Amino acid sequence: EQIEKGGYDHFMLKEIYEQPSAILDTFRGRLLSNEAVIKLAGVEDNMKKFLAADRIIVVACGTSWHAGLVAEYIFEDLARIPVEVEYASEFRYRNPVITEKDIVIAISQSGETADTLAAIKLAKSKGAFVFGVCNVVGSSIARESDAGAYTHAGPEIGVASTKAFTTQITVLTLMALRLARAKGTMSSSEFRHHLIELETIPGKVEEALQSDAYVKTVADIYKDSKNCLYLGRGFNFPVALEGALKLKEISYIHAEGYPAAEMKHGPIALIDEQMPIIVIATKKGHYEKVVSNIQEIKSRKGRIIGIVTKGDVSVKELADHVIEVPETIECLTPLLTTIPLQLLSYHIAVMLNKNVDQPRNLAKSVTVE
Ligand code: G6P
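Model, not experiment: these values are computed from the prediction.

### Topic: the overall build of the protein chain
In step 1: Counting its secondary structure elements, the protein chain contains 15 helices and 12 strands.
In step 2: Relative to a compact globule of 369 residues, whose C-alpha radius of gyration would be 21 Å, the protein chain shows 20 Å and is just as compact.
In step 3: With the principal axes as the frame, the protein chain shows a C-alpha extent of 55 × 45 × 45 Å.

Below you can see the structure in the form of structure tokens.
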């Protein structure tokens, strides 16, 4: 097992560090930026269906559901296709309205999650076209889908999902861009610009990983917290949810993710000098609004950890700590802001002596209902 961990103390840390190469593997043969082309066989072969679809319904569980939420923002923004994101377990039991003009995208690392599998069987029985985004090749969901695209993240052993999440977002971004081009919702120069930026992401993830030592010092300060709040807006709202999930899963600290502007409708009541609040406040994307959310937290004496764009000034003045990520276009920021949140939960769990790779009560793949 030590050999399999490749010199890392835990699979989770190894998998966090594998993300630059995992994302490159996801790109391979699909992102051809020199030719300004995206090739995804599963999308290409079914382009007519995608172009005729009234909406996309994403079904997934856990971290994969969070990737689906990021996809909702990206598909709607770039390709102007309405997207609904459903917990597979809710979708399958509530007599959902599904038609032949719907495309259901099932996202699953393992491809074996019972609720997601049942949800796509239901969707197929109603005539919807099912597209699988799975990591495990030949898995049940991959086989049951009409078409799909693998994430190619390589085996993920740590129960808390890391590289599966970022590669799911990568595949879904490629899909959204391809469809945006096909639908004409994006100009060729915008498209080219997105491809060039996307290509820089593995290097920028590598750069984001360099905050590791600093994130560890932050983890040491907050490791004994009983509660934690994660806030983000727009593309980074789902990242806030995912950050909170990572902390819960492996450190057993209660954490909640919230859209930053919703803070005033509840969570603000929890804020006191004991409460760490992790705020994703990257440049662009409602930055000024997030800064004013941070001011509200500060005036209530909450302890602020900002995830900011490199060179940020405004948040630095207000926050107790800032963790920088490289700059990129707004829709790609989740691939970078996720990194310090993964590292933060990892270090806290290690410091609390928790079983990082196999947290209590959780399973890597939930094959029962
Ligand atoms: C379990 C795992 C999570 C995962 C979820 C969905 O809860 O512990 O890490 O996100 O299942 O799994 P899937 O394989 O369908 O992505």
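### A closer look at the pairing of strand β3 (residues 55-60)
In step 1: Of all the 6 residues making up β3, 5 are buried; the element is thus mostly covered by neighbouring parts of the structure.
In step 2: Pairing analysis gives 5 bridges linking β3 to strand β5 (residues 102-108), with the strands arranged parallel. The residue bridging Val58 from the neighbouring strand is Ile105, located in β5.
In step 3: For β3 and strand β4 (residues 83-87), the ladder comprises 5 bridges, and the chain directions are parallel. Paired with Val58 across the two strands is Val85, which belongs to β4.
In step 4: You can see the chain leave β3, run along helix α5 (residues 62-79) and come back into β4, and the turn it takes is right-handed.

### Concerning unusual backbone geometry
In step 1: Phi is positive for Ala36, which is not a glycine, with a value near 55°.
In step 2: For Ala36, the position within the fold is in the loop between β1 (31-32) and β2 (37-38).
In step 3: Judged by local crowding, Ala36 falls into the partly exposed class, with 15 C-beta atoms found within 10 Å.
In step 4: Phi is positive for His152, which is not a glycine, with a value near 55°.
In step 5: Here His152 is to be found in the loop between β7 (147-150) and α9 (163-183).
In step 6: The exposure class of His152 is partly exposed, given the 19 C-beta atoms found within 10 Å.

### Examining the sheet that holds strand β10 (residues 276-281)
Strand pairing in a sheet is mediated by backbone hydrogen bonds. Such pairs are either parallel or antiparallel.
In step 1: Taken together, the 5 strands give an open sheet; going across it, the order is β9-β8-β10-β11-β12, and neighbouring strands pair in parallel fashion. Each edge of the open sheet carries a strand with a single partner, namely β9 (254-259) and β12 (321-325). Averaged over all pairs of adjacent strands, the angle between strand axes in this sheet comes to 20°, irrespective of strand direction.
In step 2: In this sheet, strand β11 (residues 303-309) lies alongside β10 in parallel orientation, the contact comprising 6 bridges. When the bridges of β11 are listed, Ala281 appears paired with Val308.
In step 3: Packing against the sheet, helix α12 (residues 237-251) makes contact with β8 (227-232), β9 and β10, and its axis sits at approximately 175° to β9.

### Details of the sheet that holds β5
In step 1: The 5 strands are arranged β4-β3-β5-β6-β7 in an open sheet whose pairing can be described as parallel. This sheet does not close on itself; its edge strands, each paired only once, are β4 and β7. For this sheet, the mean inter-axis angle between neighbouring strands, taken without regard to orientation, is 20°.
In step 2: Here β5 runs beside strand β6 (residues 129-134); their pairing, made up of 6 bridges, is parallel. Looking at β6, one finds that Ile103 is bridged to Phe129.
In step 3: Packing against the sheet, α5 makes contact with β3, β4 and β5, and its axis sits at approximately 170° to β4.

### Quick look at the nonpolar core
Side chains of a nonpolar character, in soluble globular proteins, are inclined to be buried together.
In step 1: With 124 residues, the main nonpolar core has Val58, Val59, Val104, Ala106, Ala176, Leu231 and Val279 as its most contacted residues.
In step 2: Residue contributions to this core peak at 11 residues, all from α9.
In step 3: If near-sequence neighbours (up to four positions away) are discounted, Val59 is found in contact with Glu86, Ala88, Phe91, Val104, Ala106, Thr116, Ala119 and Ile120.

### Digging into the site of the ligand
In step 1: Within the structure, the ligand sits among 16 residues, and Gly62, Thr63, Ser108, Ser110 and Thr113 are positioned closest to it.
In step 2: Per-element accounting of the shell around the ligand gives the leading share, 3 residues, to α5.
In step 3: Its residues placed into classes, the shell around the ligand shows 5 nonpolar, 10 polar and 1 charged.

Parameters and conventions
- Residues numbered from 1 in each chain as written.
- Predicted model: local features only at pLDDT ≥ 70, side-chain atom pairs only at ≥ 80, totals over all residues.
- Helix = DSSP H or I, 4+ residues; strand = E, 2+ residues; numbered from the N terminus.
- Rg over C-alpha atoms; globule rule 2.2 N^0.38 Å.
- Buried ≥ 20, exposed ≤ 12 C-beta atoms within 10 Å, placed from the backbone.
- Pairing = 2+ DSSP bridges.
- Right-handed = clockwise from strand over helix to strand, strands pointing away.
- Axes fitted to C-alpha atoms, helices over the stretch in contact; angles between N-to-C directions.
- Contact = placed C-beta atoms within 7 Å.
- Core = buried A, V, L, I, M, F, W, Y, C linked by C-beta atoms within 7 Å.
- Near = placed C-beta within 6 Å.
- Nonpolar A, V, L, I, M, F, W, Y, C, P; charged D, E, K, R; others polar.

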